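Results of the structural survey
Chain residues, written in single-letter form:
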Amino acid sequence: DKKDNDGKLTKAQAEQVAATVKRNNPIFSKILVHYEVAKNRIDYEWFASNGIRTSSRKPYTDDLEPAANEGTRTNPFPINWPKPASANYPKIYIGGKQPNPVSQATLATMLGKQDSTGTVVKEYSPHTKQSLPDGGNEIGLDSQWQIKVGDIIGPVAPTGAGTPGGRKINNVLKPYGFRSTDEGLQGDHVHEIQLGGQDVLGNLWPLDARINGDSGSKIDLLNIALASGKTIKTYQLRELVKNTGRRFFFRIENTNG
């Protein structure tokens, strides 16, 4: 509209606008012009597509990449663990198999006594392997998955914070009237899968839902000091694992309980 500046475009001018915008912005796969004289309007309908364009330049990475001797099993990164030591996970109380939920508070008062099924209520601790009543599974943490100050854990997995959840232990306890959500608990992978743990019953125990719900993202965002004076976060280490195949380990300096 440069010639007369009257606020109007010919159809050819409108189509030139669309062509210019598309040429200068590769995100657009197509831009259509709807030239509607009867409605006294011009509409541009655009379609966008996903794509990648690789820069000719390279990123600065050396100052954020750990030295060859950093984060190894013999020289692990020190971290603050956002969950309790595994010995401090809650004890649970189990009686006989029940079709309906039975609260932990109720079962705790019946410890050592028979419940309505005639089964003696027992206390179960995370570090003690015990079989559930009536031929049930054995629960309790395997020694390799227990967590305490000074433990070395890893390596960092190339996947994110998400885990399969605590279904395995929840399903094992459900026939005994245990409902984790009613108790404000969640089945937790004590040794986080993103840091070398496995999705096995011997690595699962109920934990406060608020603590468990936040732990994955907190671990991903941990600040890890490098010898270079820079800091790197766990999720950035994860990218290095994907790109380089390096293995990174951590030493637990303290726990959240």
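The following paragraphs examine the structure supplied in this document. These figures come from a predicted structure and were not determined experimentally.

**Structural notes on the sheet that holds strand β8 (residues 152-153)**
- Taking strand neighbours across the sheet as the criterion, the three strands line up as β3-β13-β8 in an open arrangement whose pairing is mixed. Whereas interior strands pair on both sides, the edge strands pair on one side only; in this sheet they are β3 (77-80) and β8.
- The sheet contact formed by β3 and strand β13 (residues 250-254) spans four bridges and is parallel. Each bridged residue has a counterpart across the sheet, and for Ile79 the counterpart in β13 is Ile252.

**A few points about the pattern of salt bridges**
- Taken as a whole and judged by the stated rule, the model has 13 salt bridges.
- With its nearest N and O atoms 3.8 Å apart, the salt bridge here joins Arg246 to Glu65. Separated by 181 residues along the polypeptide, Arg246 in the loop between α5 (234-244) and β13 and Glu65 in the loop between β2 (41-48) and β3 bring together distant segments of the chain.
- In this structure, Lys83 engages Glu192 in a salt bridge whose closest nitrogen and oxygen atoms are separated by 2.8 Å. Taken together, the positions of Lys83 in the loop between β3 and β4 (92-94) and Glu192 in the loop between β9 (185-189) and β10 (204-208) put the pair 109 residues apart, joining distant regions of the chain. The same class applies to Lys83 and to Glu192, which are both buried.
- Connected via shared salt-bridge partners are Lys83, Asp188 and Glu192.

**Focus on α5**
- Buried residues of α5: Thr234, Leu237, Arg238, Leu240 and Val241, and no others. Angular distribution of buried residues about the axis of α5 spans 160 degrees; they occupy a single face of the element.
- For α5, the secondary structure elements touched by its buried residues are β3, α4 (209-220), β11 (223-225), β12 (231-233) and β13.
- The positive-phi residue at the C-terminal boundary of α5 is Gly245, with phi of around 80 degrees.

**What about the packing of aromatic side chains?**
- By the definition in use, this model includes three aromatic pairs.
- Ring centres 5.7 Å apart and planes at 75 degrees place the aromatic pair Phe28 and Trp46 in the edge-to-face group. Of this pair, Phe28 sits in strand β1 (residues 28-36) while Trp46 sits in strand β2, and the two are 18 residues apart along the sequence.
- Residue Trp46 is classed as exposed on the basis of its relative accessible area, which comes to 56%.

**Things to note about the environment of Ile147**
- Here Ile147 is to be found in the loop between β7 (138-139) and β8.
- On the basis of relative accessibility, which here comes to 2%, the residue Ile147 falls in the buried class.
- In this structure, the C-alpha to C-alpha distance between Ile147 and Asn88, residues 59 residues apart in sequence, is 9.8 Å.
- Contact partners of Ile147, with chain neighbours within four places excluded, come to Trp81, Ala85, Ser86, Ile153, Val190, His191 and Ile252.

**Focus: a nonpolar patch on the surface**
- Taken together, Val17, Val21, Tyr35, Val37, Ile42 and Tyr44 make up a surface patch of nonpolar side chains, about 460 Å² in accessible area.
- Going through the elements one at a time, α1 (11-24) and β2 are the ones with two or more residues in the nonpolar patch.
- Counting through the fold element by element, Tyr35 comes out in strand β1.

**With respect to the nonpolar core**
- Among the nonpolar cores identified, the biggest contains 36 residues, and Trp205 and Phe250 are the most heavily contacted of them.
- Looking at this core, the elements with two or more residues in it are β3, β4, α3 (167-173), β10, α5 and β13.

**Examining unusual backbone geometry**
- The omega angle of the peptide bond from Gly154 to Pro155 is 0 degrees, so this bond is cis rather than trans.
- Relative to the helices and strands, Pro155 resides in the loop between β8 and α3.
- For Asn40, which is not a glycine, the phi torsion comes out positive at approximately 55 degrees.
- For Asn40, the position within the fold is in the loop between β1 and β2.
- For Asp134, which is not glycine, the phi dihedral falls at a positive 55 degrees.

**What about the pairing of β2?**
- Direction of pairing for β1 relative to β2: antiparallel, over a ladder of eight bridges. Across the sheet, the residue bridging to Glu36 is Arg41, located in β2.

**Some points on the environment of Lys91**
- Looking at where Lys91 falls in the secondary structure, it is placed in the loop between β3 and β4.
- C-alpha separation for the pair Lys91 and Gln104, spaced 13 residues apart in sequence, amounts to 9.6 Å.
- With near-sequence residues (within four places) excluded, Lys91 lies in contact with Gln104, Glu123, Tyr124 and Ser125.

Reading the values: rules and limits
Residues numbered from 1 in each chain as written. Predicted model: local features only at pLDDT ≥ 70, side-chain atom pairs only at ≥ 80, totals over all residues. Heavy atoms only, no water. Pairing = 2+ DSSP bridges. Helix = DSSP H or I, 4+ residues; strand = E, 2+ residues; numbered from the N terminus. Salt bridge = Lys/Arg side-chain N within 4 Å of Asp/Glu carboxyl O. Buried < 20%, exposed > 50% of the residue type's maximum accessible area, 1.4 Å probe, protein only. Arc of directions from axis to C-beta. Contact = heavy atoms within 4.5 Å. Phe/Tyr/Trp six-rings, centres within 6.5 Å; stacked < 30°, edge-to-face > 60°. Patch = residues over 30% accessible without salt bridge, like charges linked within 9 Å, V, L, I, M, F, W, Y side chains within 5 Å. Areas by Shrake-Rupley, 256 points an atom, 1.4 Å probe, with all protein chains shown as cover. Core = buried A, V, L, I, M, F, W, Y, C linked by side-chain atoms within 4.5 Å.

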